[in-house]
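Take a look at the letters that make up each chain.
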Amino acid sequence: MSSNTGANAGWGGTYFLAIVGSAVWFWQQADGFWEHVGALLQALVWPAFLIYDVFEALNA
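Residues numbered from 1 in each chain as written. Predicted model: local features only at pLDDT ≥ 70, side-chain atom pairs only at ≥ 80, totals over all residues. Heavy atoms only, no water.

> I'd like to hear about the environment of glutamine 29, residue by residue, with values.
Its place among the elements puts glutamine 29 in helix H1 (residues 5–29). On the basis of relative accessible area, glutamine 29 is assigned to the partly exposed category, the value being 47%. (Helix = DSSP H or I, 4+ residues; strand = E, 2+ residues; numbered from the N terminus. Buried < 20%, exposed > 50% of the residue type's maximum accessible area, 1.4 Å probe, protein only.)

In structure tokens, the structure reads:
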């Protein structure tokens, strides 16, 4: 049995770079301590909101 895990490894790296990039973006927009904490949380969940908006646009 051969598995195809090597092909999926590239997407994991891409996802990691997207999270790091969004964390930097949201971090620069924040002013206070709690906004910086929120920026890190926002960086982790932004792909879910992106996919939701895409599905919403496709449904319209």
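> I'd like a rundown of helix H2 (residues 33–59), residues and numbers included.
Along its 27 residues, H2 runs 38 Å from first to last C-alpha, staying within 8% of the 39 Å computed at 1.5 Å per residue. Valine 45 marks the point of greatest bend in H2, at about 50°, and the proline proline 47 comes within the next four residues. Along H2, the residues classified as buried are His36, Ala39, Ala43 and Pro47. (Expected span 1.5 Å × (residues − 1). Bend = angle between axes of the 7 residues up to and from the residue.)

> Provide a residue-level description of the packing of aromatic side chains, including the pertinent values.
Throughout the structure, instances matching the rule amount to one aromatic pair. A ring pair is formed by phenylalanine 33 and tryptophan 34, whose centres lie 5.0 Å apart and whose planes are at 75°; its orientation type is edge-to-face. Comparing phenylalanine 33 with tryptophan 34 shows no difference in burial state: the two are exposed. (Phe/Tyr/Trp six-rings, centres within 6.5 Å; stacked < 30°, edge-to-face > 60°.)

> Lay out the side chain of histidine 36 with the relevant residues and their values.
Of note, histidine 36 is situated in helix H2. Residues contacting histidine 36, with those up to four places away along its chain left out, are Trp27, Ala30 and Asp31. (Contact = heavy atoms within 4.5 Å.)

> Outline the UniProt feature "transmembrane region" (unreviewed entry) in the chain, listing residues and values.
Per the UniProt record, "transmembrane region" (unreviewed entry) is annotated on residues 7–27 and 33–55. Taken end to end, residues 33–55 has its terminal C-alpha atoms 33 Å apart, with 100% of it in helix and 0% in strand. (UniProt positions renumbered as here; feature names shortened; annotations may be inferred.)

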